[in-house]
Each structure stands twice: as structure tokens, then as C-alpha cells.
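Chain and residue survey
Chain residues, written in single-letter form:
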Amino acid sequence: MTTQLLESFRLAQLPEEAQAFRKEVREFLATQLEPAAPEVRARTWMGFDAAFSRRLAQRGWVGITLPAQYGGAGLDAFRRFVLVEEMLAAGAPVAAHWIADRQSGPLINKFGTEAQKDFYLPRICRGEAFFCIGMSEPNSGSDLASVRTRATKVDGGWRLTGRKIWTTNAHRSHFMIALVRTSGAPEDRQGGLSQLIVDLSLPGINIRPIVDLTGDAHFSEVTFDDVFLKDDALIGDEGSGWMQVNAELAFERSGPERLYSSIVLLDTWLNSLRKTGFSASDAALIGGFTTQLATLRSLSVAVTTKLARGESPVVEAALVKDIGTEFEQTIPAAIEAAVAADPTRAVDPDLYRTLTYLSQISPTFSLRGGTREILRGMIARGLGLR
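Quick caveat: nothing in here was measured; it's all calculated off a predicted structure.

What about the pairing of strand β3 (residues 157-164)?
Looking at chain direction, strand β2 (residues 150-154) and β3 are connected through five bridges and run antiparallel. Residue pairing in the sheet places Thr-152 in a bridge with Arg-159 of β3. The hairpin formed by β2 and β3 contains two residues between the paired strands, and Gly-156 there has a positive phi angle of roughly 85°. In the sheet, β3 pairs with strand β7 (residues 219-230) via seven bridges, with the strands oriented antiparallel. Pairing of Trp-158 across the sheet is with Leu-229, part of β7.

A word on the packing of helix α11 (residues 314-340) against helix α12 (residues 349-361)
For the pair α11 and α12, the least separation of the axes is 9 Å and the interaxial angle reads 135°. When the interaxial angle is binned, α11 and α12 end up oblique. For the crossing formed where α11 meets α12, the hand is left-handed. Residues Pro-332, Ile-335, Glu-336 and Val-339 of α11 form the contact with α12, whose own contacting residues are Leu-351, Leu-355, Leu-358 and Ser-359. Among the residues making up the contact of α11 with α12, the classes are represented as six nonpolar, one polar and one charged.

As for the UniProt feature "domain: Acyl-CoA dehydrogenase/oxidase N-terminal" (unreviewed entry) in the chain
When the UniProt feature table is mapped to this numbering, "domain: Acyl-CoA dehydrogenase/oxidase N-terminal" (unreviewed entry) covers residues 16-128. With 65% helix and 0% strand, residues 16-128 has end C-alpha atoms that lie 32 Å from one another.

Topic: the side chain of Ser-220
Here Ser-220 is to be found in strand β7. Every residue in contact with Ser-220, bar those within four places of it in the chain, is listed here: Lys-164, Ile-165, Trp-166, Thr-167, Ala-170, His-171, Ile-207, Arg-208, Pro-209 and Ile-210.

A look at unusual backbone geometry
Generally, phi is negative for residues other than glycine and the peptide bonds are trans, each holding for most cases. Backbone geometry at Asn-169 places phi at a positive 55°, although glycine is not the residue there. Structurally, Asn-169 is set in the loop between β3 and β4 (175-181). Positive phi is not limited to glycine here, since Asp-226 has a value of about 55°. Within the secondary structure layout, Asp-226 lies in strand β7.

Section: the packing of aromatic side chains
In the structure shown here, the tally under the stated rule is twelve aromatic pairs. With a centroid separation of 6.2 Å and 35° between ring planes, the pair formed by Trp-45 and Trp-98 is classed as tilted. Here Trp-98 lies in helix α6 (residues 95-111) and Trp-45 lies in the loop between α3 (38-41) and α4 (50-58), a separation of 53 residues in the sequence. Residue class for Trp-98 comes out buried when judged on its relative accessible area of 2%. Centroid distance Phe-119 to Tyr-120: 4.8 Å. Interplanar angle 85°. Geometry classified as edge-to-face. We classify Phe-119 as partly exposed; its relative accessible area is 36%.

Thoughts on the pattern of salt bridges
The final tally for this structure, using the stated rule, is 19 salt bridges. With a shortest N-O distance of 3.9 Å, Arg-159 and Asp-226 are connected by a salt bridge. Here Arg-159 is found in strand β3, whereas its partner Asp-226 is found in strand β7, with 67 residues between them in sequence. Judged by relative accessible area, which is 33%, Arg-159 ranks as partly exposed. Look at Asp-226 and you get partly exposed, because its relative accessible area is 42%. A cluster of three or more residues bridged by salt bridges with shared partners is formed by Arg-22, Arg-26, Glu-85, Glu-86 and Arg-297.

Quick notes on the nonpolar core
Core analysis: the biggest nonpolar cluster contains 80 residues, and Met-87, Phe-131 and Trp-269 have the highest contact counts within it. Look past the residues within four positions of Phe-131 in its chain and what remains in contact with it is Ile-99, Ala-100, Ser-104, Ile-108, Tyr-120, Ile-124, Ser-173, Phe-175, Ile-177 and Ile-197. Within the second largest apolar cluster, 18 residues are counted, among which are Ala-151, Leu-160, Val-180 and Ala-233.

Some thoughts on the confidence of the model for the chain
When pLDDT is averaged along the chain, the result is 89, and 94% of the positions lie at 70 or above. Here helix α1 (residues 2-7) stands out as the element of the chain with the lowest mean pLDDT, 56, in contrast to helix α7 (residues 114-125), whose mean of 98 is the highest.

Describing helix α2 (residues 16-32)
Over its 17 residues, α2 runs 25 Å from end to end, which matches the ideal 24 Å to within 8%, given 1.5 Å per residue. Every buried residue of α2 is accounted for by Ala-18, Phe-21, Arg-22, Val-25, Phe-28 and Leu-29. Looking straight down α2, one finds its buried side chains confined to an arc of 135°; they lie on one side. Turned more than 90 degrees off the buried face of α2, the exposed positions are Glu-16, Lys-23, Ala-30 and Thr-31. In this structure, the buried residues of α2 make contact with α4, α5 (77-90) and α10 (280-308).

Here is what the cut-offs are and how they apply
Residues numbered from 1 in each chain as written. Predicted model: local features only at pLDDT ≥ 70, side-chain atom pairs only at ≥ 80, totals over all residues. Heavy atoms only, no water. Pairing = 2+ DSSP bridges. Helix = DSSP H or I, 4+ residues; strand = E, 2+ residues; numbered from the N terminus. Axes fitted to C-alpha atoms, helices over the stretch in contact; angles between N-to-C directions. Parallel < 35°, antiparallel > 145°, perpendicular 65-115°, else oblique. Left-handed = near helix turned anticlockwise from the far one by under 90°. Contact = heavy atoms within 4.5 Å. Nonpolar A, V, L, I, M, F, W, Y, C, P; charged D, E, K, R; others polar. UniProt positions renumbered as here; feature names shortened; annotations may be inferred. Phe/Tyr/Trp six-rings, centres within 6.5 Å; stacked < 30°, edge-to-face > 60°. Buried < 20%, exposed > 50% of the residue type's maximum accessible area, 1.4 Å probe, protein only. Salt bridge = Lys/Arg side-chain N within 4 Å of Asp/Glu carboxyl O. Core = buried A, V, L, I, M, F, W, Y, C linked by side-chain atoms within 4.5 Å. pLDDT = per-residue confidence, 0-100. Expected span 1.5 Å × (residues − 1). Arc of directions from axis to C-beta.

This is the structure in C-alpha cells:
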């Protein structure tokens, strides 16, 4: 099993057409991305700007991998990799369309009915339908198999009751794809789980934003009180939710967003050092960051290669997410230590504010998309160690 997993990470390169696409993306960002201070750009894939997302959609780059018949660009996973990489490096606010583009749209395209594809995918590609993901629940954490939110079959549809928590941008989204129990009990674990599309404007739904340490409100707690959903809310087959959500998480965990959450801070620090001068320890730290990022990027490209082939690299994506998150969290901690090491050197205000934000928010990096403990358990099983 170890050899098989290592084989998945053979050196891969982005194709020439994907590299050529980079120029188009940079030209778009130069004209369509409004200037912003580093501490604002540092929010990037947590930055919600519906107007920017719609400008991106008009360019054809929301739902970039979805089929043209549904309004998508029909491009490959490599060009999406380049698009995401460039937007994160620039600090573009992508949160509005992010989840629909990255996972909800591809999930519906793979498992949805033709009617679901016809309804949701064009709206996603036009930047008119924003999605959130209902996975975590109170008292469950990342243990998705312990889901208690229940959808009971009734005449003409489902009755949904329960709660979801830490749901990113639920208070700003139009729809949620929720992992719920449609049969059995929580003790049945993966058995009896299904995915439903929930229109968040329906009666019986209460959404409470949760303010984090930085003062932002990205997360929400969502309560369902006997919410009626029509039959066509079910994605795929009843009871197939666990298989589907694992395929979905491979998209969530493998991309450049698991490497670049602190990249604006790194750039801001480098700009500050260009003014004040580099010490030997600064140079060593920069060299370490560069080496780690290059390696992680190669791993992420290797996983993207598998996604482009239509595979579902669940274990590989978990590995990239785990070590990528550790790298993202190391950057603010190491830069803070470097700044503190020389109290006589002036600290640029932009650097100070950006560092403050990343120091506060970076602990959440190892929670979103699966905790470190959950991911390492998946990796251990993939290696045949448990």
C-alpha cells in the first residue's frame, strides 16, 4: 500500500496550454480586481465579493470545468489549478462562488439527475447560485459518520430536522448540499447517509452567523425545523451519501487553496524586508519556505493529474491537505518570531496588520476540510497501518 501511494505522487507538470492560460488570468486580475490592502487580500478565499464572482462568471471562469452545455467553460482541472493559484496569489475575494465551483457543481454534474444539472449548473456558472456544505454538526466535530440530522421520507418529498455548524457562508448562500441520515441510526455510521440540496430560503430554516476571533463571520450554525423538501432534493441514490461526500472531499482537500492561505502575508513580509534589509536568518527562512512550497505544489499538481483522469484520490488529497495546512500555519508563526527577534527594526504597518490577521485565523486551517486527526487516520488506513 505504501508503494502504491507513493506512485500516486510521481512528478507531474502542468501542460503547456495550462501555463499559457496563466497570462489570460493575470490580465483579467490586473483589470478586474480592485486594489486592496494586504490585510484585506489575505482573506482571499474567505473574502466574499459577489460582484467580483459575477465578473469572473462573465469571463466564463466560474464552473470552469463544467460542461459547456450547462454554461461551463469545459476546461480541464489543470487550468482550474492555474486560475485558483493566480487568484490566491493576488488575494482575490473568491468565497462567493468558491464552493459551488470547486465541489457542489462537480458533485451535481457527476451524481445529479438531468433536471438537477439543467437547473443548478447554469446558475452556478452565471454566478447566481452560491452554495455551502452542510457536514459538521454540534457534538460531532469532523466525525461525519455520526451525523444526526435526519430527512424522513413523506408523501412528495422529505421532512428535514437537525442542525449543522461551522458551515462556511451559509448566511450568504442560496443553497446547501447537506449530508443527512435518511435511514438507520447514528450508530450505523456510514450506512443510511444521503445528500440533499436544500434551498436556504425555505421556511423552517434558521441561520445564525458565528463571529470569529478576527471579527469576521464566515461560519454559521444552521437549524432545520421540520423543513419540507421535494423529492428532487436527493442527489444520487439514497444511502450513497458517504461515497459521494468522499468524492467531493477529494476536490476540497487537494487544490492550491490548501497551500496558499498565508501567501499574501509571505509576500508582504518580503516587500518589507526589501526596504529594511535581509538578515542571514531571514534568508534561511525564505529558503525553507520556498523549498516547502515547491514540494507541496508538485504534490498538488500530481493529485490534480489524477482528478483530470477522472479518478478520486481521497487518500492522496488528505495527505496534501494535512502537510499543506501545516505549512500554511508555519508561515505566520515563523514570521512573527522573525519580526520579534529584532525589536530595533521598524515593522511596516501593512505587515503588522496582515500578520495579526493570519496569526488569529491560522489555527482554523487545520479544522476546515477535516481535522488533522481525521486526515491522518485516513492516511494511515491508506498505508495499511490501521
